[in-house]
Amino acid sequence: MSVLSTVAALTASRTGRAEPLTTVRHQHLDEKPFVLVPLTLAGEACAPLAALAGTDPEHPTLLTVRQPRNRAERFRFAERLAAVLLAYIDECRTDTEPYTVGRGKEKEERLRFLRAPQLLVPNGEGIAYVRLLGRLTRLRATEGPYAVDPSVPTLGKWLTWYAELAEFPNSGVLLAMTRLLAAHWVTGQSPSEDSHLASQLAWIDPPEGSDGARAAREAEDPAVWPPAGPSTDAVFDRTLHELMTRYDEASDERGREAVGRQIDRELSGQMLPTWRLMWRGVELLRDLPEGAHVPDRWALDRRWFSEYAEYLDADGRPQARRDQAVRAARRLARLEDAVARYEAERAYDDPLVMAEYELTGEAFTGTVTARNEDRFVPGDRPGSQVWRPAITLRTSTDTRVGLAVGTEVKSPARPGQGARILEVRQEDGGGHTVVLQLKGGFANKRKPPAPAGTLAEAGEELTYTTLNPTAMPSALPDEDNTPWTHGGPPRPYEPTDEDAEETWE
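Here we summarise the structure given alongside this text. Source: prediction; values computed, not measured.

**Digging into the overall build of the chain**
Okay, step 1: Counting secondary structure elements, the chain contains twelve helices and 17 strands.
Okay, step 2: By its C-alpha atoms, the chain is 100 × 65 × 45 Å across when sized along the principal axes.
Okay, step 3: Counting over 505 residues, the chain shows a buried share of 46%.
Okay, step 4: Taking the intrachain contacts of the chain between residues at least 6 apart in sequence as the baseline, contacts between residues at least 24 apart amount to 70%.
Okay, step 5: A total accessible area of about 25,700 Å² is found for the chain, and carbon and sulfur atoms account for 50% of it.
Okay, step 6: Taking the average location of the 61 positive side-chain charges in the chain and that of its 78 negative ones, the two points are 4 Å from each other.

**Re the nonpolar core**
Okay, step 1: Counting 45 residues, the largest nonpolar core has L36, L85, V130, W158, W161, Y162 and F305 as the members making the most contacts within it.
Okay, step 2: Of all the secondary-structure elements, those providing two or more residues to this core are β2 (34-40), β3 (48-54), α2 (71-91), β7 (119-121), α3 (124-137), α4 (151-166), β8 (174-176) and α10 (294-314).
Okay, step 3: With nine residues, the single largest contributor to this core is α2.
Okay, step 4: Counting residues in hydrophobic clusters, the runner-up holds 43 residues, among them V35, L120, L243 and L277.

**Considering the pairing of strand β6 (residues 108-113)**
Okay, step 1: Examined bridge by bridge, strand β5 (residues 96-101) and β6 share six bridges and lie antiparallel to one another. Of the residues in β6, the one forming a bridge with T96 is F113.
Okay, step 2: The turn joining β5 and β6, which pair antiparallel and follow one another in sequence, is formed by six residues; a positive phi near 85 degrees is taken by G102.

**Thoughts on the side chain of S171**
Okay, step 1: Its place among the elements puts S171 in the loop between α4 and β8.
Okay, step 2: In this structure S171 touches Q27, L165, D301 and W304, once residues within four positions along its chain are discounted.

**Details of the environment of G402**
Okay, step 1: Looking at where G402 falls in the secondary structure, it is placed in the loop between β13 (390-395) and β14 (408-411).
Okay, step 2: It is 47 Å that separates the C-alpha atoms of G402 and T96, two residues lying 306 residues apart in sequence.

**So, the packing of aromatic side chains**
Okay, step 1: Taken as a whole and judged by the stated rule, the model has 13 aromatic pairs.
Okay, step 2: Seen in terms of ring centroids, F34 and Y88 are 5.4 Å apart; in terms of plane orientation they differ by 35 degrees. Their pairing is tilted. Residue F34 is located in strand β2, and its partner Y88 is located in helix α2; the two are separated by 54 residues in the primary sequence. Assigned by exposure class, F34 and Y88 land together as buried.

**Description of the packing of α2 against α4**
Okay, step 1: Contact pair α2 / α4: the axes reach a minimum separation of 9 Å and the direction vectors enclose 65 degrees. The interaxial crossing formed by α2 with α4 has left-handed handedness. Of the residues in α4, those touching α2 at F75, A78, E79, L81, A82, L85, L86 and I89 are S151, V152, T154, L155, W158, L159 and Y162.

**So, the sheet that holds β3**
Okay, step 1: In space, the five strands of this open sheet follow the order β4-β3-β2-β7-β8, with mixed pairing throughout. Looking at the sheet topology across the chains shown, the edges are occupied by β4 (61-64) and β8. Taken over all neighbouring pairs, the strand axes of this sheet differ in orientation by 20 degrees on average, direction set aside.
Okay, step 2: Inspection of the sheet shows β2 paired to β3 by six bridges, in the antiparallel sense.

**Some remarks on the pairing of strand β17 (residues 461-465)**
Okay, step 1: By the criterion of burial, β17 is predominantly enclosed, with four of the five residues buried.
Okay, step 2: Pairing of strand β10 (residues 363-372) with β17, which is carried by five bridges, proceeds in the antiparallel orientation. Residue pairing in the sheet places T367 in a bridge with E461 of β17.

What counts and how
- Residues numbered from 1 in each chain as written.
- Predicted model: local features only at pLDDT ≥ 70, side-chain atom pairs only at ≥ 80, totals over all residues.
- Heavy atoms only, no water.
- Helix = DSSP H or I, 4+ residues; strand = E, 2+ residues; numbered from the N terminus.
- Buried < 20%, exposed > 50% of the residue type's maximum accessible area, 1.4 Å probe, protein only.
- Contact = heavy atoms within 4.5 Å.
- Areas by Shrake-Rupley, 256 points an atom, 1.4 Å probe, with all protein chains shown as cover.
- Lys, Arg positive; Asp, Glu negative; His and termini not counted.
- Charge placed at Lys NZ, Arg CZ, Asp CG, Glu CD.
- Core = buried A, V, L, I, M, F, W, Y, C linked by side-chain atoms within 4.5 Å.
- Pairing = 2+ DSSP bridges.
- Phe/Tyr/Trp six-rings, centres within 6.5 Å; stacked < 30°, edge-to-face > 60°.
- Axes fitted to C-alpha atoms, helices over the stretch in contact; angles between N-to-C directions.
- Left-handed = near helix turned anticlockwise from the far one by under 90°.

What follows is the structure in C-alpha cells.
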C-alpha cells in the first residue's frame, strides 16, 4: 500500500466512509456486462453448485445442480451456462470497424468488432473458478465415451480466453468487482476484509443514517449477506446437505422434484444479495468519468476478441494444457509491458495517481518561470546545430525532486514532447529549480518560432515524470532464431485423446 493509500485508509477509518483513490474510472464498463455469481460445493474447488448469470439486473438466469457429485449433472450445468454465455458472446459479434496495424510497408488493414464481451464476477476467487471451469471443459470430447454437448468445449475455450486476459491489468474482459472497487476507493478496513463484497460496499455506499464501519459490521452476518462465493457459508452447507440427502432418498420422481425446487430456492436466496451488490457496484463505478486512455485499452480488448473469434472459426483447437516455452516467454514479455504501460496510463489520466509518483520522487510538478525558445545545441554532424528549446520550472517548497540530471522525462500535458533534465538546483527558501531541454512535439518545425501551444508559457503548471505510456516493448527474436539449450524449438500444441480424460469427478 502506498503512502497516499495509507493516509486515505486512515482518513476513511476516522470519518467512517471510504475515500476515493482516483478521480476517474480506469476500466471500461460495457453497457451490458455479463454478470456471473457462481457457487461451488463445499470442499471441492470446481464442483458447480449454482450460478446466477446474465445481463439484466432484474431477471438473472438461475442455474443449479441439485446433486453436484453426479458427473452428468455437472456437464448439464456447463451446457446451460454455455447456452447463456455463448449467446451473449455472439451478440457482440455483429458490427465491425476497420483499423490499421503495423508501420510503413508492414501496414495492414483489419476489422474488429465494435463490442467485446465483458464478464464480471464478485471477487478474485470467481476469476479462479472461471479459469478452472475453462480448463476442465475445453478439452472434452464430443464423440465416443463420456461425450459432451459441443457447446461445452466451446464454453471452456472462451472461459480460458477470459482467464488468460484477466492476468493483464490493461484488459477489461474479465473483472472481479472487489478488485475493481479497491482500485478506486480505499476503506477503513484491511485489504483481506475488502475481499468481502458486502462489507466493502458498505464502506463505499453505506445506508442512509449509517456509516461505513457500522454497515460493514452488519454486513458480516451471513444470514443477511451470504458469502459472495464461490465458497458457501458453513451453516448453509448443513442445510444444503440435509436437502440433498432428502433429494437422493425421495421415493418417487414427484417427491424428488419437490425437494429439488426447494434446493433451487435456497441456492437462489444465497446468491441474490450478491447479484444485487454486483449491479450496485456497476452503478457506483459508472458515476466516475472514464479515464482518457480507457477507450484505447478497450479497443485493444475488442481487437483481441475479434482475433480469437476468427481463430476459433478457422481452427478451433483449444488452448494447450500447458504453455510451451516460446508461448510462455512471449506471454511473460507481454505481461511485463502491459503492467508498465497500464501504470503509466493511469498516472497520465489521473492527478491522484500521479501524486503517488510525486511522493516517491518519480515525478514532480512546477510552474514555468522562464523559457528559452531560441536555444540551439551542437548536432551529431560536425558544425551542425539543432533546435532544442529549454524551459525552467520552480517547484513548491514541499516538493521533492528525486530525478537526476540527464534523466529523460515526459509531461502528461504534452505526451508527444520529450524532455531531458539539464539542471536541478535546490533553492534556499525551499523547493527546486529545474531546467529542461525539450525535443519534438513542435508540429515538425525545426526552428523557432514554436507553433502556438507547443511550448509551455511562463506561469503554466506542468508535471514531468519518467513514466512513458508510449514506450515500445523489447523485441523478442523469431522462434527460429531463439537459442535452445535442450534440443530444438518445441513443437506447436496438438490436442490428444489423453487431453480429454482430465478428471472432473
